[in-house]
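# Fold and geometry: a report
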Amino acid sequence: MSKPQNVPGNVRSKGLVDYLNDENVRAVLYQIVAIGLIILAGWYLVSNTLYNLEQQNISTGYGFLDLEASFEISETMIDYSAKSDYATALLVGLLNTVKVSFLGIVLCTIIGIIFGIARLSSNWIVRKLATVYVETFRNIPVLLQLFFWYALIPGAFPHPRDALEPLPGVLLTSRGMYLPVPMADTAFTMMGIAAVIACVVIYFVKKWAKKRQDATGQPFPMFLAGLGIFVGLVLLAYLAGGAPTDMSMPELKGFNIRGGYNISPEFMAVLIGLTVYTSTYVAEVVRSGIQAVPNGQWEAADSLGIRRTVALRKVILPQSMRVAIPPLTNQYLNLTKNSSLAVAVGYPDLVSVSNTTMNQTGQAIEAISIFMSIYLGLSLLTSLFMNWFNKKMALVER
Amino acid sequence: MTAPLSRSDTHPAFISVENLSKRFGDKYVLEDVNLHLPKGETMAIIGPSAAGKSVLMKCLVGIYGADSGHIFLEGDDVSQTNAPKRFEWAERIGMLFQHNALFDSLKVWENICFRQIELGTMSRKAAKEHAIDLLGLVGLATESADLTPNDLSGGMQKRVGVARAISTDPSVLLLDNPTAGLDPVLSNHIERIIGKIAEQRGTTVISITNDMQIARTRYQNLMMMHDGKVYWSGKTADIDETHNAHLTQMLNGSSHGPITMRTGKREDHVYS
């Protein structure tokens, strides 16, 4: 075994057994076998699928995306009607998925941090309540929780005729929540553009301010300046657009409520279900993060006469978030993927729209390939963002 | 708990610990500890691991409350963690922790003036200037103010720890093993800085050490601890050779010497 055995000239003088016992030969051989098996499996799947498609007279391809969808979607964030094409329908589904996932991630983080801290409270009642919350909602399957919230919301609120009005203009009914919104106006588009411009300006001012502080030590009131730039530019756009003040108020017309912005019971059920379920995991992540900070940090703050609440905010949480970011990413990915269960309560998310598309066109493979790659893309984007965030927050050890 | 509260009035000591006991669960980690130290004097506490030195120090600074006994600082009883004026007293006691316990998430200057910034007794600008002054006092460059603790070497972190401990100009400075993990040159340097601070500011210093040489040469008073009890205390100059020999054995973990105080296993004697 002292000489490499993979030189062809050497082989003939050795037996086959010697040859197979050579580590280098084996390494290559195993890889060839593994790759061969993968190719074989792939070929089998593809040829089998093609054969079946041919048998059923289904033509493959993504051409169907341009066809008229001819089905309605109950909730859309963009212009959509039954006359729109399948591509638009899938985009509507994607936006609904992104909407519920994004809001879910923001809310579950806030609620999770609160309950994670509460589980470590020195107050017995607070601690036990948080424990009960976490242990209950963590241990019930999320699909059942969605059913639960979906059964609860239409049942708990009255018919539109007797709508509850907790705040002026806000109506609560069995058909969801209605909020007053400003009437559509070009001023709002301009405000959106102004907000983007403000962010770019703030980015460059911040860069300049850091450079100046590094050079001269002069600090720059970045927070106030940033707030000023943002509010100022957006306000300017609003005024330039003619300062529209018309509001669309929800009102009872006939048997239903018209106007305003409707938050459907389906959306509420999915959002509440995903938020509550995932927040229990976030709470555990936060709790373990806090407990990972050495006790000496608490003691040091204590010895300086700093109250525990302040120490938690200024010393402990910044350090525990560092430990918590990677497992937090997992929870965000889980929430996004679990949002596909929305189909169970009839919220028109990507899977729900894809299902309808599949049924109508028979293009199952294409529809599945589309939503699978979209979920993969969403997850990879989330991971990329969290990895960037993690790198930014990570402790640089020297 | 029988010591009358007025006793410290008649006592000349600046820091006075009377019959202090502390236990964790059933284990007594401090038993009947007494300590008296006049203002401006320095004391070294020496003893093997698990002797209760650090716990005593944490009781003094108020992190742990006493189970029985009293701690008087200038006549105020500071032995309970829920004492009403506890957060004000923190200003009068500065502590350096064994592993520094600097706040990783904050810059060096924010670490040093954490109390002043959080209580709002100083503007951030004034706090930073104050921190830079203190950095100079412990021999660190101005530039280190904007670094984070993880950018610093062990010796530098220790000095930042000292700077934080003295940032409120406390009348008592507690040091938990200020030279642990440092090479002899750095150890000497840190001890010199501490000596200078004590001399210039008239600070009362209590320091835990494992180094008999440092204890004898740099501190006026000495307290030897073992198994949660005071084994010997007095002026450093008064140590006689018997005690010294016992102490050396204690530090070396020998089974002779002061261990004869006990009758059986450690658990049997101390914790039963």
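Residues numbered from 1 in each chain as written. Chains lettered and ligands numbered in written order. Predicted model: local features only at pLDDT ≥ 70, side-chain atom pairs only at ≥ 80, totals over all residues. Heavy atoms only, no water.

Time to look at the sheet that holds strand S3 (residues 176–179) of chain A. Note on sheets: strands pair through backbone hydrogen bonds, and any given pair is parallel or antiparallel. All names here are of chain A. With respect to topology, four strands assemble into an open sheet ordered S1-S2-S3-S8, the strand pairing being antiparallel. Bordering the open sheet on either side are strand S1 (164–167) and strand S8 (261–263), each of which pairs with just one other strand. With strand direction ignored, the average angle separating the axes of adjacent strands in the sheet is 25 degrees. As judged from the three bridges shared by S3 and S8, these two strands associate in the antiparallel manner. Within the sheet, the bridge partner assigned to Met 177 lies in S8 and is Ile 263. (Pairing = 2+ DSSP bridges. Helix = DSSP H or I, 4+ residues; strand = E, 2+ residues; numbered from the N terminus. Axes fitted to C-alpha atoms, helices over the stretch in contact; angles between N-to-C directions.)

Our focus in this paragraph is the interface of chain B and chain A. Taken residue by residue, the interface counts 22 residues in chain B and 21 residues in chain A. Roughly 2000 Å² is buried in total at the junction of chain B and chain A, and carbon and sulfur atoms are behind 57% of that figure. Its largest share of buried area at the contact with chain A, chain B owes to Phe87(B), Phe103(B) and Asn150(B), together 27% of the area lost on that side. At the junction of chain B and chain A, the tally comes to two salt bridges. Residues Glu118(B) and Lys314(A) are paired through a salt bridge, measuring 3.2 Å at the closest nitrogen-oxygen approach. (Contact = heavy atoms within 4.5 Å. Buried area = accessible area lost by both parts, 1.4 Å probe. Salt bridge = Lys/Arg side-chain N within 4 Å of Asp/Glu carboxyl O.)

The predicted model of chain B averages 81 in pLDDT, with 86% of residues at 70 or higher. Note on residues 254–272 of chain B: pLDDT is under 50 here. Beyond four places in sequence and across chains, it has 30 contacts. (pLDDT = per-residue confidence, 0-100.)

Partitioning chain A into structural domains gives domain 1 (4–55) and domain 2 (86–183 + 246–393). A C-alpha centroid distance of 48 Å is found between domain 1 of chain A and domain 2 of chain A. (Domains from an automatic or database assignment.)

As a further point, take the sheet that holds strand S5 (residues 76–77) of chain B. Residues and elements named next belong to chain B. Ordered in space as S2-S1-S4-S5, the four strands form an open sheet in which the pairing is antiparallel. Whereas interior strands pair on both sides, the edge strands pair on one side only; in this sheet they are strand S2 (27–37) and S5. Summarising the sheet, strand S1 (residues 15–24) and S2 pair through seven bridges and their orientation is antiparallel. Opposite Ser 16, over in S2, you have His 36 as the bridge partner. Here helix H2 (residues 53–61) sits on the sheet in contact with S1, S2 and strand S4 (68–73), set at roughly 115 degrees to S1.

Next up on the list: the layout of surface pockets. Residues and elements named next belong to chain A. Its volume calculated, the second largest pocket comes out at about 440 Å³. Considering the residues around the second largest pocket, the lining is formed by 18 residues, among which Phe 102, Ile 105, Tyr 332, Thr 382 and Phe 385 are closest to the centre. Residue assignment for the lining of the second largest pocket shows that the elements contributing at least two residues are helix H4 (86–118), helix H11 (308–338) and helix H13 (364–393). Among the elements that take part in the lining of the second largest pocket, H4 stands out by supplying seven residues, more than any other. Across the lining of the second largest pocket, the residue classes break down as 14 nonpolar, four polar and no charged. (1 Å grid on protein atoms, 1.4 Å probe; cavity = no way out; pocket = protein on both sides within 12 Å on 5 of 7 lines; lining within 4 Å. Points joined across faces, edges and corners; volume = space filled by probe spheres on them. Nonpolar A, V, L, I, M, F, W, Y, C, P; charged D, E, K, R; others polar.)

The next thing to look at is the pairing of S3(A). Residue and element names in this part refer to chain A. Pairing of strand S2 (residues 170–173) with S3, which is carried by three bridges, proceeds in the antiparallel orientation. Bridging across to S3, Thr 173 finds its partner in Gly 176. Joining the antiparallel neighbours S2 and S3 is a turn of two residues.

In this section: the packing of helix H7 (residues 154–165) of chain B against helix H8 (residues 184–201) of chain B. Residues and elements named next belong to chain B. Across the interface, H7 lies against H8 with an axial gap of 11 Å and an inter-helix angle of 15 degrees. Taken together, H7 and H8 sit at an angle that is classed as roughly parallel. For the crossing formed where H7 meets H8, the hand is right-handed. Contact residues: H7 offers Gly 155, Lys 158, Arg 159 and Val 162, while H8 offers Leu 186, His 189, Ile 190, Ile 193 and Ile 197. Partitioning the contact of H7 with H8 into residue classes produces five nonpolar, two polar and two charged. (Parallel < 35°, antiparallel > 145°, perpendicular 65-115°, else oblique. Left-handed = near helix turned anticlockwise from the far one by under 90°.)

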